[in-house]
Amino acid sequence: MANAHPRLRELTYTLYRIFRNPSAIIGFTLLLFFVGVAVLAPVLAPPKYAHNPYQMPHKGFSPTPKAPNEKAIFGTTSGQYDIYYGVVWGTRTAFKIGLFVVIISGFVGVGLGAISGYYGGWIDEFLMRVTDIMWAIPTLVLAMAIVVAFGRGLDKVMIALALIQWRWYVRVTRSEILTLRDQEFVQAARIMGVSDLKIILRHILPNAIYPVLIMASMDMGSMVITASFMSFVGLGSPKGYADWGQMVALARNYIVGPPDDPLRFWYTIAIPGACIILFVLAWNLIGDALRDAFDPKLRRR
Amino acid sequence: MTALLQTENLVTNFYTYEGVVRALNGISLVVDYGSTFGLVGESGCGKSVAVRSMMRIIQEPGRVEGGKVVVFFDPDNQQRGVDLLQQSEAYLEHLRGDQISMIFQEPNAALNPIMSIGDQVAESFLFHKRKEMCARVLEALRRPDGPSASPLGAFQRHLYARAARNPRDLLVTLTTKIPLLKHWQRRLKKEALRRSIEIIGKLGIPNPDKVVKLYPHNLSGGMKQRIVIAIALACSPLLLIADEATSNLDVTIQAQILDLLRSLKQTEIASILLITHDLGVVAETCDRVGVMYAGNLCEVADVGDLFHDPRHPYTRALLAAVPRFHQEGPLLSIEGAVPNLVDPPAGCRFHPRCPEARDICRRQFPETVDMGGDHTVACYLYTDQARAGDAP
Amino acid sequence: MHTFILRRFFFLTFVLFGVSVLLFGILMTFSPERRAAAYVTTPQQAKDIPRIIKQFGLDDPFYIQYVRWIKEVSRGNLGWSLVAARPVGEAFWRYFPITLEMNLYAAPIVIFLGIWLGSISGIHRDSWIDHSTRIFAIIGWSLPTFLFALVLLMVFYGYFHLFSPGVLSDELAMSIINHPEQYTAYTGMLTIDGLLNGRPDIALNALHHLVLPITTYVIVVVALNMRVMRSGIIEELSKDYVLTARAKGADRRTIHYKHARRNALLPVITVAGQLVAMSMEGSIAVEVVYNRQGIGWWLAESATQLDMPVLMCICLFMGLVFVVTNLTIDILYATIDPRIRLN
């Protein structure tokens, strides 16, 4: 081990640091579970409408939820939508939202941040002023404005979030690159005549990527929260779409049951709610473990 | 000779992911009253760890795990020493800065960036000279031209009187914690600031009354180091530990600081423990020298003795590596590197780099041998065992 | 110092200008017909849309329309709110005090609790107290505000009947409506107005209605503050000046609270802007779930009704809040950190 390649040693050490942390183990276990559910969705809950598997099947139209029974193991929510089916396919929806927003905004943000940080000058000035303007409005508020302009729908919510969230990645990448740009190994590569693109891709980004990874992990969670809230207020997915936020919205009028049994409809909110929380928690635990593992101040002790 | 500080078999380990770093492997040395002791060695050999262990300010994940650090406060009574490793943290807080103080390598980092110079120096007085200062303030308050006899003035006088008798008085401590009420300490703080200005002026800083209002970033490196020294000297300690205090300064500033330390030793403090990797500094300022290698003390001798008659192979190699004015032939370097202290070489830790290593050096750690004339060395070259036929 | 503040001020004015251009750009993705609909208040006017487009120049080039719009905005004319059934500017001042009131109570709790928990967590690093505060933080951070609010409502309103949604109980609200002469809305904030009108029952009842919203909000938002404070303390405690202080004879309390904490507060101040953004997002969710008619609720309602002028108004307001917060942060930072004060 002591004689292995330094990069390999560093990786082993990083993995050791990550998995020494109990929160990482819990986070990865939870994530693995959700990935399994998302991949196996067609097996776990065979779709009723083959052309549109995200549409939750429902028997009847009664607004009153039904408790878990043999036919619907998690019960049915308002409108008789099957909760089990909804949470299984909702896992796919959550991954769809998170991955779409994080990948698009991550690529755009890292690209712009790299250019801005590496070249500096007027490009940097211009890009930074644009991001400064983007920073002035909270994500949720700006996302709502964009969705209202584009029209409702989950796809519009995803686009709106991707259009906003890149600002984080620009900021993180740029500040990392500014510290790396003037270091000896970059200077050396430059003197040897390595092209700018190669320097950025080979020497700078691999060293700047950790904060971006931490950011991306936390973002997977927070984007799902934001999107589900927008579905909750009725800007996101339409009624009956397998989306956890949408399911919470369906349950909203049933948080308080009849006076003799006020918590009668607990399952309508607890099950999709638990899914959102655990999904977000998984990503946050992973992000937290990554942060601890990569923090240079805490690293070597 | 009368000892001021004596360490015996001091052992400090750091518990890291890579394993236990055995940073100090049983250090024994004596710092005498009135002497300047130099501790030299390559970087990473444990000099800083040694002095930080003595003051018990080792940071996580380090732990002092064995030995003794005995301080003799009374030069005339060598029987009554205090072992610092056995004392409570509160006792040490009392001692640090008052009896033993320390200055650090990096003056740019050693000062709190958002506290004014005056406040930082005054802290020393407020920690250790509270009683004395309260008495002085009380004296001023009692003078006829002092503040009027309002109830508030009387209350203030009462508090100062109590604090002058016992600075840890319950009422006094209580009132320092209550907002508004705690302002009775204003005069005390003023007194501390006055003393700070005095000590800063003594260290040759121009306009001390203006400097105390500045912040660290306003001063140059040399100035900052003088402030750090002022903090350390504030309460006229018995022993000043200078941890590479001049290494990061310009040569001219370095000379000034060394001059300052030398003159201070004659007036303010009893002894200095100077840590450095610069043998020139040692030759100029120290009386006695200890040479450290990889957590061990190899050789201790008077400064002239060490430079003219070095015994340990490491000391010899170290001296051979110093450029001289009339340099003849190439400068010699020591082959190899300082070992990793997680897994130090068995036996004498220097043997892999030692030109005179024998079999026994690889197996067993050498005892310290007294060469006479206060010169000790830890090497098998000078033991009976080695002479008895274990040829190189 | 003054030039620093002045420079920041110019920069922030630029940001505000940029925000308005951005918003107007979003608005311009609407067709002229849809924008004309904003001027329509009665069904009869619907057939006048082509005339409205012409009258207001809704098919003019971008910059002409932008200048015209900004002129209107600066005169206080922000359009018509469907939800409030009154002009946006007027409606804003109706809703704003409700949100402000909640934030005024919650902000000090978030700030002090975050700093306090973060400090003890950082000081006692890796102890059980550190672990439990970190678990608390990460769970709080993972809770979607609206969901947490719903669960609290379910338990404390549905099951225990301890708290109820809304801003005031029905009887008290009716008493205000029935006797308007006895109650003057000085500030619009019920807890303060109640006292000013000599009605402590109203103030207490409003405070009672604030308990759940504030709890929700604090638990979700406090994590950010806490985390920054914790890592700040850990970083500061590893610095050399701490060693100097220890060598000086400082006790742990002095080192932690006088030296390390003051330095660790600097990064906390820099995330204050993010905190304000989070508190706005938190306000939206909390107001929607607890049915408090503040600007967060108004925003969500208007968004579902595609009421663009309201969204524009709130976005502009957020831009203004951003500018004011950042200016405050700069000044605060400069007063605490002497390195900035003199440059």
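Computed from a predicted structure; not experimentally measured. The residue numbering used here restarts from 1 in each chain and proceeds along that chain's sequence as written. To read the labels, note that chains go from A and ligands from 1, taken in the order they are written. Under the rules for a predicted model, residues below a pLDDT of 70 receive no local features and side-chain atom pairs below 80 are neither given nor counted, while totals for whole chains, interfaces and linings still include all residues.

A few points about the overall build of chain A
Note the threshold: Secondary structure elements follow DSSP: runs of H or I no shorter than four residues count as helices, runs of E no shorter than two count as strands, and numbering proceeds from the N terminus. Here a residue counts as buried when 20 or more other C-beta atoms fall within 10 Å of its C-beta, as exposed when 12 or fewer do, and as partly exposed in between; the C-beta atoms come from the backbone. Think of it this way: build a C-beta for each residue from its backbone, and any pair within 7 Å is a contact.
The secondary structure content of chain A amounts to 12 helices and 0 strands. Tracing chain A from N to C terminus, the helices and strands come up as α-α-α-α-α-α-α-α-α-α-α-α. Scored against the burial criterion, the 301 residues of chain A give a buried share of 48%. Of the contacts formed within chain A by residues at least 6 apart in sequence, a portion of 70% connects residues at least 24 apart.

A closer look at the overall build of chain B
Within chain B, the regular secondary structure consists of 15 helices and 12 strands. Counting only C-alpha atoms and orienting by the principal axes, one finds that chain B spans roughly 90 × 45 × 45 Å. The proportion of buried residues among the 392 residues of chain B is 41%.

So, the interface of chain C and chain A
Test applied: Think of it as three bins: nonpolar holds Ala, Val, Leu, Ile, Met, Phe, Trp, Tyr, Cys and Pro, charged holds Asp, Glu, Lys and Arg, and polar takes everything else, Gly as well.
In this assembly, 43 residues from chain C lie in contact with 37 residues from chain A. For the side of chain C that touches chain A, the secondary-structure elements that each account for two or more residues are α1 (2-27), α6 (128-142), α7 (145-159), α13 (272-290), α14 (295-304) and α15 (308-336) of chain C. In terms of residue count, the dominant contributor to the side of chain C that touches chain A is α7(C) (9 residues). The residue inventory of the side of chain C that touches chain A, partitioned by class, reads 34 nonpolar, 7 polar and 2 charged.

Observations regarding the sheet that holds strand β11 (residues 369-370) of chain B
All names here are of chain B. Worth spelling out the cut-off: Note: two strands are recorded as paired if DSSP finds a minimum of 2 bridges between them.
What the 8 strands build is an open sheet, ordered β6-β7-β8-β3-β9-β10-β12-β11; its pairing is mixed. Bordering the open sheet on either side are β6 (100-103) and β11, each of which pairs with just one other strand. Sheet topology places β6 next to strand β7 (residues 239-243); 4 bridges connect them, and they run parallel. Each residue of the ladder has a partner; that of Met102, found in β7, is Ile241.

Here we look at the pairing of strand β10 (residues 296-302) of chain B
Residue and element names in this part refer to chain B. Where burial is concerned, most of β10 is hidden: 6 out of the 7 residues are buried. Across 6 bridges, strand β9 (residues 288-293) lies against β10 in antiparallel orientation. Within the sheet, the bridge partner assigned to Tyr293 lies in β10 and is Asn296. Taking the residues between adjacent antiparallel strands as the criterion, β9 and β10 are bridged by 2 residues, where Ala294 takes a positive phi near 50 degrees. In this structure, β10 lies alongside strand β12 (residues 376-377), joined through 2 bridges in antiparallel fashion. Across the sheet, Glu299 pairs through a bridge with Val377, a residue of β12.

What to know about helix α10 (residues 244-251) of chain A
Of all 8 residues in α10(A), 8 are buried; the element is thus mostly enclosed. Among all positions of α10(A), only Trp244(A), Gly245(A), Gln246(A), Met247(A), Val248(A), Ala249(A), Leu250(A) and Ala251(A) are buried.

Section: the sheet that holds strand β4 (residues 62-71) of chain B
Backbone hydrogen bonds are what pair the strands of a sheet, in a parallel or an antiparallel way. All names here are of chain B. The 4 strands are arranged β2-β1-β4-β5 in an open sheet whose pairing can be described as antiparallel. The strands lining the two open edges of the sheet, one partner per strand, are β2 (19-32) and β5 (82-83). Where strand β1 (residues 3-16) and β2 come together, 11 bridges link them in antiparallel fashion. Note that in β2 the partner of Gln6 across the bridge is Val30.

Quick look at unusual backbone geometry
The phi torsion at Ala294(B) lies on the positive side, around 50 degrees, for a residue other than glycine. The exposure class of Ala294(B) is buried, given the 24 C-beta atoms found within 10 Å. In this structure, Ala85(C) is a non-glycine residue whose phi angle is positive, near 55 degrees.

Here's the deal with helix α9 (residues 221-233) of chain B
We apply this condition: Expected helix span is taken as 1.5 Å per residue step, with the number of steps being one fewer than the number of residues.
Look at α9(B): 18 Å from first C-alpha to last across 13 residues, which is about the 18 Å you get at 1.5 Å a residue. Counted residue by residue, α9(B) has 11 buried out of 13 residues, so it is predominantly covered. Taken together, the buried positions of α9(B) are Met223(B), Lys224(B), Gln225(B), Arg226(B), Ile227(B), Val228(B), Ile229(B), Ala230(B), Ile231(B), Ala232(B) and Leu233(B). For α9(B), the secondary structure elements touched by its buried residues are β6, α3 (117-128), α7 (186-202), β7 and α10 (251-267) of chain B together with α11 (240-248) of chain C.

Topic: the domain arrangement of chain B
To keep it simple, the criterion reads: Reported domain spans reflect what an automatic or database domain assignment gives.
For chain B, the assigned domains are domain 1 (1-113 + 236-332 + 366-383) and domain 2 (117-196). Placing a centre on the C-alpha atoms of domain 1 of chain B and another on those of domain 2 of chain B gives a separation of 38 Å.

Side note on the nonpolar core
To keep it simple, the criterion reads: Take the buried Ala, Val, Leu, Ile, Met, Phe, Trp, Tyr and Cys residues, join any whose C-beta atoms are within 7 Å, and the set you get is a nonpolar core.
Membership of the largest hydrophobic core comes to 291 residues, with the highest contact counts inside it found for Val141(A), Met144(A), Leu299(C), Leu311(C) and Cys315(C). The biggest single contributor to this core is helix α9 (residues 196-232) of chain A, with 18 residues. In contact with Cys315(C), not counting residues within four places along its chain, are Ile137(A), Val141(A), Leu142(A), Ala145(A), Val19(C) and Leu23(C).

Some points on the environment of Ile197(B)
Residues and elements named next belong to chain B. Mapped onto the fold, Ile197 is located in helix α7. Its 20 C-beta neighbours within 10 Å are what place Ile197 among the buried residues. When the C-alpha positions of Ile197 and Asn207 are compared, they lie 8.9 Å apart, and in sequence the two are 10 residues distant. Leave out the neighbours within four places in its chain, and Ile197 touches Pro208, Asp209 and Val212.

Details of the packing of α11(C) against helix α12 (residues 252-270) of chain C
Residue and element names in this part refer to chain C. Spelled out, the test is: In this description, a line fitted to the C-alpha atoms serves as the axis of each element, helices being fitted only across the stretch in contact, and the angle between N-to-C directions of two axes falls anywhere from 0 to 180 degrees. Angle categories: roughly parallel below 35 degrees, roughly antiparallel above 145, roughly perpendicular from 65 to 115, and oblique for all the rest. Crossing chirality is assigned from the near helix's rotation relative to the far helix, an anticlockwise turn below a right angle marking it left-handed and a clockwise turn marking it right-handed.
Taken N-terminus to C-terminus, the directions of α11 and α12 make an angle of 140 degrees; their axes are 11 Å apart at the nearest point. Our classification of the angle between α11 and α12 gives oblique. Note on packing geometry: the crossing formed by α11 with α12 is right-handed. Contacts between α11 and α12 involve Tyr241, Val242, Ala245 and Arg246 from the first element and Ile255, His259 and Ala260 from the second. Taken together, the residues that form the contact of α11 with α12 break down as 5 nonpolar, 1 polar and 1 charged.

Let's talk about the packing of helix α4 (residues 83-119) of chain A against α9(A)
For any two helices packed against each other, the geometry is given by the interaxial angle and the distance between the axes. All names here are of chain A. Contact geometry of α4 with α9 gives a least axis separation of 8 Å together with a crossing angle of 145 degrees. You can see that α4 and α9 cross each other, and the crossing is right-handed. Counting all contacts with α4, which are made through Ala94, Ile97, Gly98, Val101, Val102, Gly106, Val110, Ala114 and Tyr118, the residues of α9 involved are Asp196, Ile200, Ile204, Leu205, Val212, Ala216, Asp219, Met220, Met223, Val224 and Ala227. Residues that form the contact of α4 with α9 fall into these classes: 16 nonpolar, 2 polar and 2 charged.

Focus: the confidence of the model for chain B
Residues and elements named next belong to chain B. Formally: Each residue gets a pLDDT score, which is the predictor's confidence in that residue and runs from 0 to 100.
Mean pLDDT for chain B: 84, with 96% of residues reaching 70 or above. Counting contacts from residues 388-392, a segment whose pLDDT is below 50, to residues more than four positions away or on other chains yields 6 contacts. The ipTM assigned to the predicted complex is 0.89, against a pTM of 0.86.

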